[in-house]
Amino acid sequence: MNLHEYQAKELFARYGLPVLPGQMVTTPEEARDVAASFGSTVVIKAQVLVGGRGKAGGVKLAHTPEEAFEKARDILALTIKGLAVRKVLVAQAADISRELYLSIILDRAAKRPLIMLSAEGGVEIEEVAKQSPEKIVRRHIGLEGLRTYQARALFQPLLEDPKWVSQATEILMKLWTVFRENDCTLAEINPLAITPQGRVLALDAKVILDDNAEFRHREWDTWRDRDEETRGARLAREFGLSYVKLDGDIGCVVNGAGLAMATMDLVKHYGGEPANFLDIGGSSNPEKVTAALKIITGDSHVRAILFNIFGGITRCDDVARGIVQSLEASPLEVPLVIRLTGTNEDLARKILSEKGLAVTTSMDEGVRTVIARAQEVAA
Ligand code: GDP
Ligand code: MN
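Note that this is a predicted model, so its numbers are computed, not measured.

Calculation rules
Residues numbered from 1 in each chain as written. Chains lettered and ligands numbered in written order. Predicted model: local features only at pLDDT ≥ 70, side-chain atom pairs only at ≥ 80, totals over all residues. Heavy atoms only, no water. Helix = DSSP H or I, 4+ residues; strand = E, 2+ residues; numbered from the N terminus. Buried < 20%, exposed > 50% of the residue type's maximum accessible area, 1.4 Å probe, protein only. Areas by Shrake-Rupley, 256 points an atom, 1.4 Å probe, with all protein chains shown as cover. Lys, Arg positive; Asp, Glu negative; His and termini not counted. Charge placed at Lys NZ, Arg CZ, Asp CG, Glu CD. Core = buried A, V, L, I, M, F, W, Y, C linked by side-chain atoms within 4.5 Å. Near = heavy atom within 4 Å. Polar contact = N/O pair within 3.5 Å; in protein donor to acceptor, adjacent residues only side chain to side chain. 1 Å grid on protein atoms, 1.4 Å probe; cavity = no way out; pocket = protein on both sides within 12 Å on 5 of 7 lines; lining within 4 Å. Sits in = over half its atoms within 2 Å of the grid points. Nonpolar A, V, L, I, M, F, W, Y, C, P; charged D, E, K, R; others polar. Contact = heavy atoms within 4.5 Å. Donors = N, O, S within 2.8 Å, 3.2 Å for Na, K, Ca; no water. Expected span 1.5 Å × (residues − 1). Salt bridge = Lys/Arg side-chain N within 4 Å of Asp/Glu carboxyl O.

### Observations concerning the overall build of the chain
The helix and strand inventory of the chain stands at 13 helices and 18 strands. Its C-alpha atoms give the chain principal-axis dimensions of roughly 80 × 50 × 40 Å. Within the chain, buried positions represent 49% of all 379 residues. Put simply, the chain shows about 18200 Å² of open surface, and 50% of that area lies on carbon and sulfur atoms. One finds the centroid of the 47 positive side-chain charges in the chain at a distance of 3 Å from the centroid of its 52 negative side-chain charges.

As structure tokens, this is what we get:
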């Protein structure tokens, strides 16, 4: 789950990271009031869960409350990378003389957190990585954690003033605590700004939380922005399904992550494009099957659906009942291809054939059939 900047800054502030005061609002009137209460120049910032808001016109300075009203009105009318702006952050603005980039990211390949630091801040790090990769300093954090002297050593070559180095070091140590204690996969400050007065500030904040750790963070549920969640993602979360939307037209309902991956591979192998990754898990709960079908039919690109079930603990007859129940409640408008094999497959075939639904036990055949059906629909 991604946090909005205003939420990430609230989290940062709890750990003593230097963020400037701000407030999230949803109307230009509120933006004007907040700006008036600060009595200083403010920055109005679109709160949408994408980067590059600055370039898209979603970050604007306002010198007076009236200007805050106008800028907030303009930004609230924007759509940035497909996301309608519904909220803005009104924050005290800083003067900037330098912008750095600082983040800690979970490096899955190395199985360790990775610190990334660059003197070229402000712009998106992907840009820096492309244009001048040598300008990014990388350092993994091992089991022993991060020591202050190690953090200091990263900044010393980049910052000439020792006062900047100490502030930046303290910021990195705190950022590491944020990362660790909150099960982050990313904690990013871009820009990490140096003011003409010599203060080092976190002017932007980006945090991604590891959803697998949600069970031990009660608070996360209150942070979730339901406006930003798609219907499919919400249903998947509510029913405990793993769902990733993709761009193709073959909807896939599979039990088990490994089989789901293999199914997607095979769809691609035969020239199809999967519309999603969807793992209904080891359960044969008909409600999950219904939710899975709802998620997939909610994607207008889907032209045909493949069920690929390998019955182990999951019983094929339970899945078959789930399919029947679900279709009786809401009939499908796209072709359905069912591959079932394993525990109680005979019973499953009987249940489905009584309802006129064909079943194959061959994954190869199932995948080729569903691609053919999707092509017929397209034609
Ligand atoms: P992003 O484009 O989505 O990453 O949004 P940022 O919060 O990073 O803002 C983009 C840029 O706006 C920054 O790199 C700064 O140059 C500028 N900016 C943001 N906050 C302030 C501020 O308080 N004062 C000034 N002068 N510029 C700011
Ligand atoms: Mn930024």
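Now that the structure has been shown, the text picks up again.
### Some remarks on the nonpolar core
When a protein is soluble and globular, its nonpolar side chains tend to lie buried together. Formed by 41 residues in total, the largest nonpolar core has its most connected members in Phe12, Leu102, Phe155 and Leu172. Examining the composition of this core, we find that 10 residues originate from one element, helix α6 (residues 162-181), more than from any other. Ala236, Leu241, Ala275 and Val289 belong to the second largest nonpolar core, which has 32 residues in total.

### Considering the site of ligand 1
Taken together, 16 residues sit near ligand 1, with Lys45, Arg53, Gly54, Ala94 and Glu99 positioned nearest. Take arginine 53: an N or O atom from its side chain is 2.7 Å from an oxygen atom of ligand 1. In this structure, an oxygen atom belonging to ligand 1 sits 2.8 Å away from a main-chain N or O atom of glycine 54. Protein chains shield 81% of the accessible area of ligand 1, which is 560 Å² for the free molecule. The cavity where ligand 1 resides is the second largest pocket. Listing elements by their share of the shell around ligand 1, those giving two or more residues are β2 (42-46), β3 (59-62) and β10 (184-194). Taken together, the residues that form the shell around ligand 1 break down as eight nonpolar, four polar and four charged.

### Section: the side chain of threonine 185
Relative to the elements of secondary structure, threonine 185 occurs in strand β10. Overall, the relative accessible area of 12% leaves threonine 185 in the buried class. Discounting residues that sit within four places of it in the chain, threonine 185 has contacts with Ile104, Ile105, Leu106, Arg108, Phe179, Ile208 and Asp210.

### Examining the coordination of the manganese ion (ligand 2)
Ligation of the manganese ion (ligand 2) by protein atoms is provided by Asn190 (O) and Asp204 (OD), these donors lying 2.2 Å from the ion. With asparagine 190 in strand β10 and aspartate 204 in the loop between β11 (200-202) and β12 (206-209), this pair connects stretches of sequence that are 14 residues apart. As far as the burial class goes, asparagine 190 and aspartate 204 line up, both buried.

### Concerning α6
The terminal C-alpha atoms of α6, which comprises 20 residues, lie 29 Å apart, in line with the 28 Å expected from a rise of 1.5 Å per residue. Within α6, the full set of buried residues consists of Trp164, Val165, Ala168, Thr169, Ile171, Leu172, Met173, Leu175, Trp176, Val178 and Phe179. The elements touched by buried residues of α6 are α1 (5-14), β7 (98-107), β8 (112-118), α5 (148-155), β10 and β11. Once α6 ends, the next one or two residues include aspartate 183, with phi positive near 50°.

### As for the pattern of salt bridges
For the coordinates displayed, the defined rule picks out 30 salt bridges. Between arginine 321 and aspartate 317 there is a salt bridge, with the nearest N and O atoms lying 3.3 Å from each other. Placement of both arginine 321 and aspartate 317 in helix α11 (residues 316-329) is noted, with a separation of four residues, approximately one turn of the helix. Using a relative accessible area of 36% as the deciding quantity, one classes arginine 321 as partly exposed. With a shortest N-O distance of 3.2 Å, lysine 355 and glutamate 328 are connected by a salt bridge. In this pair, lysine 355 is assigned in the loop between α12 (345-354) and β18 (359-360) and glutamate 328 in helix α11, connecting sequence segments 27 residues apart. Taking the relative accessible area as the measure of exposure, glutamate 328 reaches 53% and is therefore exposed. Several salt bridges converge on common partners, so that one network encompasses Glu5, Lys9, Lys45, Arg53 and Asp204.

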